[in-house]
Amino acid sequence: MSNLNTAVDLDYTYRYSGLSSLLRDNNRNQLSLVTSPECGSSAQFFRGRVNQPKRTADLLITIVSVVQSRFHVPAAMLGRILLLADPVITCSESFVRFEGFSSCCGAYARLDLLPDALEGDRLTSGTTNVDINAPMRSALSKLRDGETMDLAVGAEGLAIKHDGQELIERQVTLPSRWLRGFVEVQSFQSNMALSFEASGAEFRRFLNALPKSFKGAAWVSLANGSIRLSSIASKGAVCVGGIARLRVLQPVARYADKVRIYGPREIGPDAGMPTASNAGATGWEISTSDSRFYLVLSPDVWRGFSGEGQVLETLTRKSMEKALAVVRASLRWQEVIDASDVVSRYGLKADDVEGALAQLAVSGLIGYDLSEQAYFHRELPFDLSLVSKLQPRLKGANRLLDDAAVLLDRTANPVTAWVKSGDVEYRVVLDGDSPRCTCVWFAKHKGSRGPCKHILAAQLALQENKDASD
Amino acid sequence: MPQTELEEAMTHGQSEKCVEILANWTEAERRRSAPSAIAVYRRMYRSWISDIRSGEFSVSRPHVEAAQLAILGVATVSEMKEINVRAWNELTYDVLRDRRPSWISDWADWALTNNYVKWDIVRKLIITGVSPRLSCDSYLLRMAHRACHHHIKYPMTVKDFFLTNSDLLENEVWELLGIEGNKEISLTSLDKYSRNAVAHAFLELTNEGYLPRSRMLDVTLTALLADYPQYRAGWFSRFHDLLGPTMEERAERIDTYLALLSSRIPPTVSFALDAAMTIDRAGLLDPVDGVAAIRPVFYSRDKGAHKLALKLVSSWVDTVEKGGVKFRDVLSPAEFIDTALDAVVPALEHESRDTREAAQKFIRKYRAIPDEPDESIIQPLSLLAAIQPPTEIVAKVPISPVESVEELVEVLSAVLENEGPVAEIERALDGLSRLCAERPDNFVRLTGPLLKRAKTHLGDLWEYCFFGSTVRLVIAGLVRAWLEAELPPAPSKPWRGDMKILGPERFIGARVKELASRAAGRGACPLLSAPTHYGGWIDPSVLVDRLLAHPKSARFDTIQAILRLSVREREEALRKASELKGEVGAAVRFALGGENGASGTDLALWIAASRARDPYSDDPVGAKVCGASGATCDSLGPDTFNAGEIELSWISSQNTVEGQTYRFSNPKLTVNPPLPETIRVDLPTVLMYEGIKGPGRWWQPVSHANMVRWTSEIWPANRQSWFAIGCAAIGDNLNWNEARWGDIAYLEPLVESTTVLGSTGLTLLALGLCAKDPGEGTLAMDILVNGISDGRLDISMLSKLLSTVFSWPDIKMPRMTKRLEQASGVSSRHANSIRDATISALEACPPEATTNLGVVLELLNEVLIITASSLPDGPLSKRLSNLKGSSRAAAMAKRLLSRSRA
């Protein structure tokens, strides 16, 4: 199905037994979402009816809009190839979730159809790709309020007569940057907290007044129910880089009953004055009566989630291996994974469980629900087992270790290391939660975009040292 | 040296021979020859490029073309992509015909995308069956581009092109109409530069029956459903209209038109509304379908679309009320009216008062609500809330000094990469000044990465590093001087040709060079000019203590230190300063308000002291120092012993192109006393003005945004001259003709409550409010909000600001009034201030242009409603009562007066 080539990018083949379609028959619409038969050759997820067809269709179209958006074109990236990436669908006991990730790797969208959104038979739980092609998108956009729509989600769609026919295949190369961003955005969300909540009407007003382009950081805050855009920080404000990206929500803002805005956990409503340096990703949740739409934006338009390095330290931790095995074994397509329950049931450390969850997220095995502030089980249909290990910085750190380039001074307090890289040596100070380095990466970002490879190498060396002395 | 016959032919530029050699080779033979042929190609291409650069042509284009053919004959597509091989030669077809590679489609897509091969060659490959038919975007877009490409070799029109290649009308044309295009080629961009050649060709081909009309109508609407960006979507709506669909054709497609009402592209919505209205007028649109589809229009921002949609809904409701509609079972007339009213409700959220009022009027009419003014319904939502103004970013806390060499290396590394913030730059300078002689263990190891990075940034600009062009270059020069104990040599040639660095950057460069010189000699001592507090301020007592501890001070450092003296707590410092010795001691005492009088020979030192003593007034005792140096006060320029007076005026000009007249207004700054011919580098207060020398285009885009920020802290007590440069920069680019992202830096200090606005600061704020760039505009609005909150912008200042804007020519008034309206929603205090200031400014100096007056009266109407007040009797109400006619201003005046009477 897929293989990992030497250039780290993933050659991936989307396979479908047919094309998704919307059929109109005597004022009755039949939406057939054809999924990839990864979960079993005849996997059928759902058959039933959509209660709010127009709204659901528009929300679904917006997921595709995000997937096809290129808010920024990084040099040396062929965006055209990425446009071929399809959304991912997860069906569980009561939820149906659609996930998509933008071509520029800086925007993640998810549509959660809550139990009331659909009526019918939920046949199987699983995650796979779903074909949303241009003609079906056009047909969806013609739906009107008040119309009815049947829905079938599965490998064979509505028509069962595809047996024996050849699968429709489309091969794409998914850059590792895109894949890493897709999975790392989950860990990003786990570090977010609700900053404020506003009414749908207020959100529409805010969107309408949003400038088409706004260079640099914009601060968004709420006071007495009103969302305010400012170019300077204020208490409780969240910093949004590339705020014009929010305009992608304009077509669905009309359905918003309320909107919740999530910012980095340390910039919650109870925190002190934020600064641009601790600004991070933001999450925007549009709630309707039977669905929730999430848009998570990277800290700036040119910053993809993969380069943020939020999980690198977690990936270097070896102490949570037991927790990882236990948590992984407990995954059963839960809509909410209760971390405290896992801790108490298996007698694990809360830190290890959190770390294990973050690692599973990076492996594409779980997603994060901002609204529930908890992970949920879903398994991305890509082979990501190697991708997480091929984090460029982590790879660089391991290479430094292999080259014996790290010289630890455990007598110093805090522990100091000299890391030789190229023709210079970098001084790393492992000072608790705030390690420091004399390299360019650290000088530029001060840890706001994860540790540099020298810090990672020093941390790994320290761990090895401890293991050896134990 | 060439090893094979093929390589020989490559190096001799023998294209035909290359083709001949390759013709009978097997694939295995080709692959065997590939590595060395690629190596030869690389060498030839490198040589060609470098020869082009040096102006010689020892390897000419025919040589390269022959080499390209050879590579095409032996390399794989991956290898070709890696070395970016073009296929310029016409013989490309022959090579590929003989080779018939399996990857030909992939190659063609890549080559066409990058414009490495002519479309005609790929087309020939397809026609002759060498390549399968292509339907990739690159092939289709290049086809359209080729069709429009008039050349002596291809004299045919677009229509002739398609008729000559009539098989393209079967598939490719339709596929072309199904794709968006890219930033290089799209149907919109092709037609923009070919006087709509494509649209006219397709129209003629449709009218003559070559392209089925019905399919053409459908395909254009399908493209619009895809919601391409506005620029590219426009072609499809225009072309659809150009086809002139008949009523019958329109009626057949009513579902699609109605679906387009929810498009996110405003012109597409207008297009769909027009179509729906046309069909409705013919009685072919079922109001039930219309009402079900029209609601999204009332969420849009476009006022025009709201107006049309409301007209349409009104007509439906009227018809239903009169019983003119035969309903299907789905809705009763009453339900229909409810649905229609419900569809209009989102219009009550619209930012425009007109739109809200129209929607409210409509709803009242059919819901039988008495027509009483109820302004709460039509309040924009933002105005219902009292928003707390944003608080300041920078807390007024002291700056903590760098304590160790390790910390210094970290701070310098960060400053080198981030070029700021200014407080960190100054911390780094201070740390280096104090710690430059220390050599802890592992010093070379510790500073190795920093030195390497500094040298990378310096590149070949080492000798220019202290010119003051960028923060990075200045700091990199300082680091190298410290760690290698040497100073840059004198430049061997001028800085980047004719470009000159003008302004206070020169002073900064000289100041850092002075420090670098000391650091290179390991002469450690505290930096006199290191700010003790954020904003560039120095506590006067601290400066005196520094001077008492180290009386031998450096010249630029001393000048800078004096200019940074805080205006507070000077008495205590003055008492301590009595112990200071020499001319520097006397100058510091004078700066602190001492009555010793100015006396000495160092002109620059005394000018700094005079400006620090009283930044805004002339210094009568300055003449004494001037006399001693043989100069007169006025000949030294502004802000020396005499304070500078700045005036901003506008130079209007116009340009006529193809019958269209364009008006321009550019700001011009005049200063008194006038600037001297040359400005000494040790006079930073005069250097501030250096950019405005001479008439006309004065702006030198050399300054870097971070350097601009640094220069703002040279003289924090008086930023009028610095703001003046900001006025010229922002005023010269109000309509964002150039993307000058750094100009916003000039507005930043105005946010802080400690910044004195002054008349130039006020002008800069006014320009910010009128700026097109949302970043500058939003920041200016924040400054306005903060200024009203902290008392810097009282009603008289605000009124002065508005009067200034009203007097300017060619200002887009709605930009400013919109921002004022938003600011008035912050609190009742803000609303009251803006209301009173607007009335006062309208009384004193109303805008000349009626359109602008109308816009300002709309603002006044809004703030009167927000503050629940009416227009007071006075000069303004009298003036408004004289406004006659049907202009917007007259209508608003009427409304304001009627409100006042009510």
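Residues numbered from 1 in each chain as written. Chains lettered and ligands numbered in written order. Predicted model: local features only at pLDDT ≥ 70, side-chain atom pairs only at ≥ 80, totals over all residues.

Engineer: Help me out: how do you make sense of the overall build of chain A in this one?
Structural biologist: Helix and strand counts for chain A stand at 13 helices and 25 strands. When burial is assessed residue by residue, chain A has 54% of its 470 residues classed as buried. Taking the contacts inside chain A whose residues are at least 6 apart along the sequence as the reference set, 75% of them involve residues at least 24 apart. (Helix = DSSP H or I, 4+ residues; strand = E, 2+ residues; numbered from the N terminus. Buried ≥ 20, exposed ≤ 12 C-beta atoms within 10 Å, placed from the backbone. Contact = placed C-beta atoms within 7 Å.)

Engineer: Looking at this structure, I do not really get the overall build of chain B. What am I missing?
Structural biologist: Assigned secondary structure in chain B consists of 45 helices and two strands. Across its three principal axes, chain B shows a C-alpha extent of roughly 100 × 95 × 50 Å. Within the span of chain B, comprising 902 residues, buried residues form 48% of the whole. In chain B, once contacts between residues fewer than 6 apart in sequence are set aside, the share between residues at least 24 apart is 70%.

Engineer: Explain helix 13 (residues 453–469) of chain A to me, please; I cannot follow it from the model alone.
Structural biologist: Residues and elements named next belong to chain A. For helix 13, built from 17 residues, the straight-helix expectation of 24 Å at 1.5 Å per residue is met to within 8% by its first-to-last C-alpha distance of 24 Å. For helix 13, every residue scored as buried is listed here: K453, H454, I455, L456, A457, A458, Q459 and A461. Looking at the packing, one finds that the buried side of helix 13 touches helix 7 (312–316), helix 11 (392–402), strand 22 (406–409), strand 23 (415–421), strand 24 (424–430) and strand 25 (436–437). (Expected span 1.5 Å × (residues − 1).)

Engineer: What should I look at first to understand the domain arrangement of chain B in this one?
Structural biologist: Reports often express the size of an interface as the amount of accessible area lost when the parts come together. Once the domains are mapped, chain B shows domain 1 (1–134), domain 2 (405–635) and domain 3 (777–902). The C-alpha-based centres of domain 2 of chain B and domain 3 of chain B are spaced at 46 Å. (Domains from an automatic or database assignment.)

Engineer: I keep staring at the nonpolar core and nothing clicks. Help me out?
Structural biologist: In summary, soluble globular proteins display a tendency toward joint burial of nonpolar side chains. In this structure, L412, L478, V479, I562, A587, L765 and L784 of chain B are the most contacted members of the largest nonpolar core, which totals 298 residues. If we ignore the near neighbours within four places in the chain, the residues touching L478 of chain B are L432, V512, L515, A516 and A519 of chain B. (Core = buried A, V, L, I, M, F, W, Y, C linked by C-beta atoms within 7 Å.)

Engineer: Whenever I open this one, the environment of V785 of chain B confuses me. Can you help?
Structural biologist: Assignment of secondary structure puts V785 of chain B in helix 39 (residues 774–790). In this structure, the C-alpha to C-alpha distance between V785 of chain B and H830 of chain B, residues 45 residues apart in sequence, is 7.2 Å.

Engineer: Whenever I open this one, the sheet that holds strand 4 (residues 28–34) of chain A confuses me. Can you help?
Structural biologist: What links the strands of a sheet is backbone hydrogen bonding, and the strands pair in either a parallel or an antiparallel sense. All names here are of chain A. Across the sheet, five strands lie side by side as 3-4-11-5-9; this open sheet has mixed pairing. One side of each edge strand has no neighbouring strand; the edge strands of this open sheet are strand 3 (21–25) and strand 9 (118–122). Pairwise comparison of adjacent strand axes, ignoring direction, gives a mean angle of 15° for this sheet. Pairing analysis gives five bridges linking strand 5 (residues 44–50) to strand 9, with the strands arranged antiparallel. When the bridges of strand 9 are listed, F46 appears paired with R122. (Pairing = 2+ DSSP bridges. Axes fitted to C-alpha atoms, helices over the stretch in contact; angles between N-to-C directions.)

Engineer: I would appreciate a short explanation of the sheet that holds strand 13 (residues 192–199) of chain A in the present structure.
Structural biologist: Residues and elements named next belong to chain A. In space, the eight strands of this open sheet follow the order 10-6-7-8-19-18-17-13, with antiparallel pairing throughout. Looking along the sheet, the strands with just one partner apiece sit at the ends: strand 10 (126–129) and strand 13. Averaged over neighbouring strand pairs, the angle between their axes works out to 15° when direction is ignored. Here strand 7 (residues 96–101) runs beside strand 8 (residues 107–113); their pairing, made up of six bridges, is antiparallel. Each residue of the ladder has a partner; that of F101, found in strand 8, is Y108. Sitting on the sheet, helix 5 (residues 200–209) is in contact with strand 13 and strand 17 (258–264), with an inclination near 95° to strand 13.

Engineer: I would appreciate a short explanation of the packing of helix 26 (residues 443–458) of chain B against helix 27 (residues 471–484) of chain B in the present structure.
Structural biologist: When two helices pack together, their arrangement is given by the angle between the helix axes and by the axis-to-axis distance. Residues and elements named next belong to chain B. At their nearest, the axes of helix 26 and helix 27 sit 9 Å apart, and the two run at 130° to each other. Comparing the axis directions of helix 26 and helix 27 gives the class oblique. Between helix 26 and helix 27 the crossing geometry is left-handed. Of the residues in helix 27, those in contact with T447, L450, L451, A454, K455, H457 and L458 of helix 26 are R472, L473, A476, G477, V479, R480 and L483. Residue composition of the contact of helix 26 with helix 27, grouped by class: eight nonpolar, three polar and three charged. (Parallel < 35°, antiparallel > 145°, perpendicular 65-115°, else oblique. Left-handed = near helix turned anticlockwise from the far one by under 90°. Nonpolar A, V, L, I, M, F, W, Y, C, P; charged D, E, K, R; others polar.)

Engineer: I'm lost on the packing of helix 41 (residues 813–824) of chain B against helix 43 (residues 850–866) of chain B in this one. Help?
Structural biologist: Residue and element names in this part refer to chain B. Close contact between helix 41 and helix 43 brings their axes to 9 Å; oriented N to C, the two are set at 5°. Our classification of the angle between helix 41 and helix 43 gives roughly parallel. Between helix 41 and helix 43, the residues in contact are M813, P814, T817, L820, E821 and S824 and N852, V855, V856, E858, L859, E862, V863 and I866, respectively. Each residue belonging to the contact of helix 41 with helix 43 can be placed in one class, and the counts come to eight nonpolar, three polar and three charged.

Engineer: What is the right way to read the confidence of the model for chain B from this model?
Structural biologist: Should the pLDDT be low somewhere, the predicted coordinates at that spot are not to be read in detail. All names here are of chain B. Residue-level pLDDT values for chain B average 86, and 91% of them are 70 or greater. Long-range and interchain partners of residues 370–395, a stretch whose pLDDT sits below 50, account for 56 contacts in this model, where long-range means more than four residues apart. Contacts from residues 694–703, a stretch scored under 50 in pLDDT, to residues over four places away or in other chains number 17 contacts. Predicted complex, confidence summary: ipTM 0.82, pTM 0.79. (pLDDT = per-residue confidence, 0-100.)

Engineer: Looking at this structure, I do not really get the interface of chain B and chain A. What am I missing?
Structural biologist: Contact residues are listed per partner, giving 47 residues for chain B and 45 residues for chain A. Elements supplying a minimum of two residues to the side of chain B that touches chain A: helix 14 (213–225), helix 17 (254–260), helix 19 (287–294), helix 23 (381–384), helix 24 (405–418), helix 26 and helix 39 of chain B. Among the residues forming the side of chain B that touches chain A, the class breakdown is 25 nonpolar, eleven polar and eleven charged.

Engineer: Before we go on, may I ask you to explain the confidence of the model for chain A in this structure?
Structural biologist: Residues and elements named next belong to chain A. Per-residue confidence for chain A gives a mean pLDDT of 81; residues scoring 70 or more make up 84%. With pLDDT under 50 throughout, residues 158–165 is counted as low confidence; its partners more than four residues away or in other chains account for eight contacts. Contacts for the low-pLDDT stretch residues 267–271, under 50 throughout, to residues beyond four places or in other chains number ten contacts.

Engineer: Honestly, the pairing of strand 20 (residues 366–369) of chain A in this entry has me stumped. Any pointers?
Structural biologist: Burial of strand 20 of chain A is two-sided: the residues I366 and Y368 of chain A facing one way and the residues G367 and D369 of chain A facing the other way are all buried. Count of turn residues in the strand 20 of chain A/strand 21 (residues 374–377) of chain A antiparallel hairpin: four residues, of which Q373 of chain A carries a positive phi of about 50°.

Engineer: Quick question: what am I supposed to make of the environment of A458 of chain A here?
Structural biologist: All names here are of chain A. Tracing the backbone shows A458 in helix 13. Taking the C-beta count within 10 Å as the criterion, A458 has 30 such neighbours and is therefore assigned buried. Residues A458 and A397, spaced 61 residues apart in sequence, show a C-alpha to C-alpha distance of 8.2 Å. Setting aside its immediate chain neighbours within four residues, A458 contacts V406, A417, V419, V428 and L430.

Engineer: Explain unusual backbone geometry to me, please; I cannot follow it from the model alone.
Structural biologist: With the exception of glycine, most residues fall at negative phi, and the peptide bonds are largely trans. Residue and element names in this part refer to chain B. Residue G420 is joined to P421 through a cis peptide bond whose omega torsion reads -5°. Within the secondary structure, P421 sits in the loop between helix 24 and helix 25 (422–435). Positive phi values are uncommon outside glycine, yet N84 reaches one of about 55°. Within the element layout of this structure, N84 appears in the loop between helix 5 (77–83) and helix 6 (92–99). Despite not being glycine, A868 shows a phi value in the positive range, around 50°. Position of A868 among the secondary structure elements: in the loop between helix 43 and helix 44 (875–881).

Engineer: Help me understand helix 32 (residues 582–591) of chain B in this model?
Structural biologist: In an α-helix, one turn spans 3.6 residues; hence positions three or four apart end up facing the same way. All names here are of chain B. Of all ten residues in helix 32, eight are buried; the element is thus mostly enclosed. Buried within helix 32 we find V584, G585, A586, A587, V588, R589, F590 and A591. Residues of helix 32 that are buried in the fold lie against helix 29 (540–549), helix 30 (555–563), helix 31 (570–577) and helix 33 (603–613). Looking one or two residues past helix 32, G593 carries a phi angle of roughly 105°, positive in sign.

Engineer: Sorry, what's going on with the pairing of strand 2 (residues 660–672) of chain B here?
Structural biologist: Within a regular beta strand, the side chains point alternately toward one face of the sheet and then the other, so they alternate between its two faces. All names here are of chain B. Of the strand pairs in this sheet, strand 1 (residues 645–657) and strand 2 are connected by 13 bridges, and their pairing is antiparallel. Following the sheet pairing, Q654 is matched in strand 2 by R663. Between the antiparallel neighbours strand 1 and strand 2 lie two residues, among them E658 with a positive phi of about 50°.

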